[in-house]
Amino acid sequence: MKVVVAEPTGLCFGVKRAIRTMEEALEEKGRVFCIGSPIHNPQEVQRLVDKGLVVVEDDDRIPPDEPVFVRAHGISPDVHRRLQDKGARIIDGTCPFVRKAQEMAGRLSREGYYLVVLGDENHPEIKGILGYVEGPYLVVSGKKDLRAIDKIDKIGIISQTTQQESTLKELVSEAVGSAREIKVSNTICRATVERQEAVRRLADKVDGIVIIGGHNSANTGKLFRIAQESGTPALWVEQADQLDGRWLSGKGTIGIAAGASTPDWLIKQLQQAML
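Only a predicted model underlies this, so the values are computations on that prediction, with no experimental measurement involved. (Residues numbered from 1 in each chain as written. Predicted model: local features only at pLDDT ≥ 70, side-chain atom pairs only at ≥ 80, totals over all residues. Heavy atoms only, no water.)

## Points about the pairing of strand β11 (residues 234-237)
And then number 1: Burial along β11 is two-sided: the face carrying Ala 234 and Trp 236 and the face carrying Leu 235 and Val 237 are both buried.
And then number 2: When strand β10 (residues 208-212) meets β11, the two strands line up parallel, connected through four bridges. For Ile 209, the partnering residue across the bridge sits in β11 and is Ala 234.
And then number 3: Crossover handedness for the path β10 to helix α8 (residues 218-229) to β11: right-handed. (Buried < 20%, exposed > 50% of the residue type's maximum accessible area, 1.4 Å probe, protein only. Helix = DSSP H or I, 4+ residues; strand = E, 2+ residues; numbered from the N terminus. Pairing = 2+ DSSP bridges. Right-handed = clockwise from strand over helix to strand, strands pointing away.)

Here's what the structure looks like:
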């Protein structure tokens, strides 16, 4: 059986940067708190926990004067202020592309635009972005959700960094009939787009695609759906020991693609399991 790995795949710049920053902080301080999982990959989070990371659900659970890591998804200004008030030593791992989306959300709302945000309203990145909004807003999953609002004078549109550009384009097209003026900022991360395109290219060359990444990872889920939509058999696993040998049977060439929060060591383990 031949194994082909998508290019590019795996950790994106923002997540690599965040993990490197956290590892440096753990080495220096021994114990570091983080609000929510710093990366949507359970295996990598456990590796960091073993090094001294303490994951909490909200900032109320962080004692005063402790080092606190801000994950790549970012946090809202309110959470940042609360951390400062308790004397937290903040280590900011916010992805630069997420930071751009936060800044654009604030700018568009201050300019009087009704902000429409494409994304998952329960995702930590979206919760952080909404903290920068100073006016009315709506979080949508696609163009159909825009039909629920009345005619608006000015609409500003941004996106969660891990969305598909095709969905953003559909949303913008739908918005044309809902507002006199539309201002769009494409805040989708280029690394996300490149990984999605890599899966589409790979689908034409293989008999099946294995997507590896956390089941709590939005960007990994999108890669899996893209693989399914291609018509090529697709399987989603978090680690190599979840690989089903029966699914591999009869397939001459298998492709591997990984979400932007999947570390290299998990991809290598999967490759070795297939050899």
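Next, the rest of the story.
## Examining the packing of aromatic side chains
And then number 1: Summed over the entire model, instances satisfying the criterion amount to one aromatic pair.
And then number 2: An angle of 40 degrees between the planes, with centres 5.5 Å apart, marks the rings of Phe 224 and Trp 236 as tilted. Here Phe 224 is found in helix α8, whereas its partner Trp 236 is found in strand β11, with 12 residues between them in sequence. In this structure, Phe 224 and Trp 236 share a single accessibility class: buried.
And then number 3: The ring of Tyr 113 has Lys 154 sitting right over it, with the charged end atom 4.3 Å from the ring centre.
And then number 4: Across from the ring centre of Trp 247, 4.4 Å away, lies the NZ or CZ of Lys 251, which sits over that ring. (Phe/Tyr/Trp six-rings, centres within 6.5 Å; stacked < 30°, edge-to-face > 60°. Lys NZ or Arg CZ within 6 Å of the ring centre and 35° of its normal.)

## Things to note about helix α7 (residues 190-203)
And then number 1: End to end, α7 covers 20 Å across 14 residues, agreeing with the expected 20 Å (1.5 Å per residue, within 8%).
And then number 2: Considered for burial, the residues of α7 that qualify are Ala 191, Thr 192, Val 193, Arg 195, Gln 196, Ala 198, Val 199, Leu 202 and Ala 203.
And then number 3: Residues of α7 that are buried in the fold lie against β1 (2-5), α6 (165-175), β10, α8 and β12 (253-258). (Expected span 1.5 Å × (residues − 1). Contact = heavy atoms within 4.5 Å.)

## As for the sheet that holds strand β6 (residues 114-118)
And then number 1: An order of β7-β6-β8-β9 is seen for the four strands of this open sheet, with the pairing classed as parallel. Two strands lie at the open edges of the sheet, namely β7 (137-140) and β9 (179-184), each paired on one side alone. On average, each strand axis in the sheet is inclined to that of its neighbour by 25 degrees, with strand direction left out of account.
And then number 2: Bridge count between β6 and strand β8 (residues 152-159): five bridges; the pairing is parallel. By the bridge assignment for β8, Val 116 is matched with Ile 157.
And then number 3: Of the strands in this sheet, β6, β7, β8 and β9 are in contact with α6, which crosses β8 at around 180 degrees. (Axes fitted to C-alpha atoms, helices over the stretch in contact; angles between N-to-C directions.)

## Here we look at unusual backbone geometry
And then number 1: Along the chain, Glu 7 connects to Pro 8 via a cis peptide bond; the corresponding omega equals 0 degrees.
And then number 2: The phi torsion at Asp 65 lies on the positive side, around 60 degrees, for a residue other than glycine.
And then number 3: The topology assignment puts Asp 65 in the loop between β3 (53-56) and β4 (67-70).

## Focus on the UniProt feature "binding site: isopentenyl diphosphate" (unreviewed entry) in the protein chain
And then number 1: As recorded in UniProt, the sites labelled "binding site: isopentenyl diphosphate" (unreviewed entry) are His 40, His 73, His 123, Ser 217, Asn 219 and Ser 261.
And then number 2: Mapped onto the elements of the fold, His 123 is located in the loop between β6 and α5 (124-130).
And then number 3: When sequence neighbours within four positions are dropped, the list of residues in contact with His 123 reads His 40, His 73, Gln 160 and Ala 218.
And then number 4: Structurally, the position occupied by Ser 217 is in the loop between β10 and α8. (UniProt positions renumbered as here; feature names shortened; annotations may be inferred.)

## Remarks on the pairing of strand β5 (residues 89-92)
Put simply, side chains in a regular strand alternate between the two faces of the sheet.
And then number 1: In this sheet, β5 lies alongside β4 in parallel orientation, the contact comprising four bridges. From the neighbouring strand, Val 68 faces β5, where its bridge partner is Ile 90.
And then number 2: On the question of chirality, the crossover connecting β4 to the parallel β5 by way of helix α3 (residues 77-85) is right-handed.

## Some points on the UniProt feature "binding site: [4Fe-4S] cluster" (unreviewed entry) in the protein chain
And then number 1: Taken from the UniProt record, the annotation "binding site: [4Fe-4S] cluster" (unreviewed entry) applies to Cys 12, Cys 95 and Cys 189. Sequence-wise these annotated residues cover 178 residues; spatially they are packed, their C-alpha atoms never more than 9.9 Å apart.
And then number 2: Considering the arrangement of structural elements, one finds Cys 12 in the loop between β1 and α1 (13-29).
And then number 3: Residue classification places Cys 12 among the buried residues on the basis of a relative accessible area of 10%.
And then number 4: Those residues in contact with Cys 12 that sit more than four places away from it in its chain are Ala 191, Arg 195 and Ala 260.
And then number 5: One can find Cys 189 in the loop between β9 and α7.
And then number 6: A relative accessible area of 6% places Cys 189 in the buried class.
And then number 7: The contacts of Cys 189, once residues within four sequence positions are left out, are Phe 97 and Thr 161.

## Details of helix α4 (residues 96-110)
And then number 1: Taking 1.5 Å of rise per residue, the 15 residues of α4 would be expected to cover 21 Å, and the 21 Å separating its terminal C-alpha atoms lies within 8% of that figure.
And then number 2: Restricting attention to buried positions, one finds in α4 the residues Val 98, Ala 101, Gln 102, Met 104, Ala 105, Gly 106, Leu 108 and Ser 109.
And then number 3: Of the surrounding secondary structure, the elements contacted by the buried residues of α4 are β6, α5, β8 and β9.
And then number 4: Positive phi appears at Gly 112, one or two residues downstream of α4, with a value of about 90 degrees.

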